[in-house]
Every structure is written in structure tokens, then in C-alpha cells.
Amino acid sequence: SSSSSSSSSSSSTAPRLGEWQSVLGVVALMLCGAGAAIGALTTVVSVERDWLPAIAAGDVDRLAHLNVLTRRIDLVAKLVSPGIVGVLVSALGVAYTVVIAFGGHLVL
């Protein structure tokens, strides 16, 4: 009798298949987000450490100006893009906004 109660209690606490799928989905989403953050960081480092010095060609003042300019562009994009996405979602809906966002990435 005690063995049947222990097996029923362990089966009632085990997650169902749908719960495991949800957990795996959240973990996969977190890993994708971490990968995207690392990719974005490596892109910034690559631009700041490789491209800008090559464009500046040894001119320290020009390199400083290019660094300031790229940081301004980055900050303006981070500031303005959520508003643009909000306007697009309000005007066109989520589906069309996603198509526009991913279409822009495919073109670039």
C-alpha cells in the first residue's frame, strides 16, 4: 500500500510533457537572447577596434570624431527604434511589423 502511494505522489509531482516544452522553450529563448547579445557586442568591438582605426588612417583627431559619431548613431537608434516599432505595430499590426523588421534584416 505504501509503495502505491509513493509512486502516485512521485508521478503527480513530475511535470507533464507540456510543462517540459514550456521550460525548454524558455531556456531556448534565453540562450538565443544571450547569443544575440554576444553577437551584438562582437560587432561593436569589431567596428570600434578594426574599421574605425582603418578609416582614420592614424589620425587621432579623426578617430576620436568617428568614435563619437558612431556612439551618437548607436544611441539615437536605441532611443528612436522602440517608438518607430510602436507606431508600426499600432498602424499595421504585429504581423506586418515583424515582416518589415525581418525584411530589413534580410536586405542588409
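Concerning the pattern of salt bridges
- Counted under the stated rule, the structure contains two salt bridges.
- A salt bridge links R71 to E48; its shortest N-O distance comes to 3.5 Å. A residue pair is termed long-range when its members are at least 10 positions apart, and R71 in helix α3 (residues 60-92) and E48 in helix α2 (residues 17-56) qualify at 23 residues.
- Assessed through its relative accessible area of 48%, R71 is described here as partly exposed.
- In this structure, K78 engages D74 in a salt bridge whose closest nitrogen and oxygen atoms are separated by 3.4 Å. A residue pair is termed a helical-turn pair when its members lie 3 or 4 positions apart in one helix, as K78 and D74 do in helix α3 at four residues.
- Residue class for K78 comes out exposed when judged on its relative accessible area of 57%.

Details of α3
- Taking 1.5 Å per residue as the helical rise, α3 with its 33 residues ought to reach 48 Å, and the 46 Å between its terminal C-alpha atoms agrees with that figure.
- Remark: the principal bend of α3, roughly 30°, maps to V80, with a proline, P82, within the next four residues.
- One side-chain oxygen at the N-terminal end of α3 lies 3.3 Å from the backbone nitrogen of D61; it belongs to D59.
- The positive-phi residue at the C-terminal boundary of α3 is G93, with phi of around 100°.

Rules and cut-offs
- Residues numbered from 1 in each chain as written.
- Predicted model: local features only at pLDDT ≥ 70, side-chain atom pairs only at ≥ 80, totals over all residues.
- Heavy atoms only, no water.
- Salt bridge = Lys/Arg side-chain N within 4 Å of Asp/Glu carboxyl O.
- Helix = DSSP H or I, 4+ residues; strand = E, 2+ residues; numbered from the N terminus.
- Buried < 20%, exposed > 50% of the residue type's maximum accessible area, 1.4 Å probe, protein only.
- Expected span 1.5 Å × (residues − 1).
- Bend = angle between axes of the 7 residues up to and from the residue.
- Polar contact = N/O pair within 3.5 Å; in protein donor to acceptor, adjacent residues only side chain to side chain.

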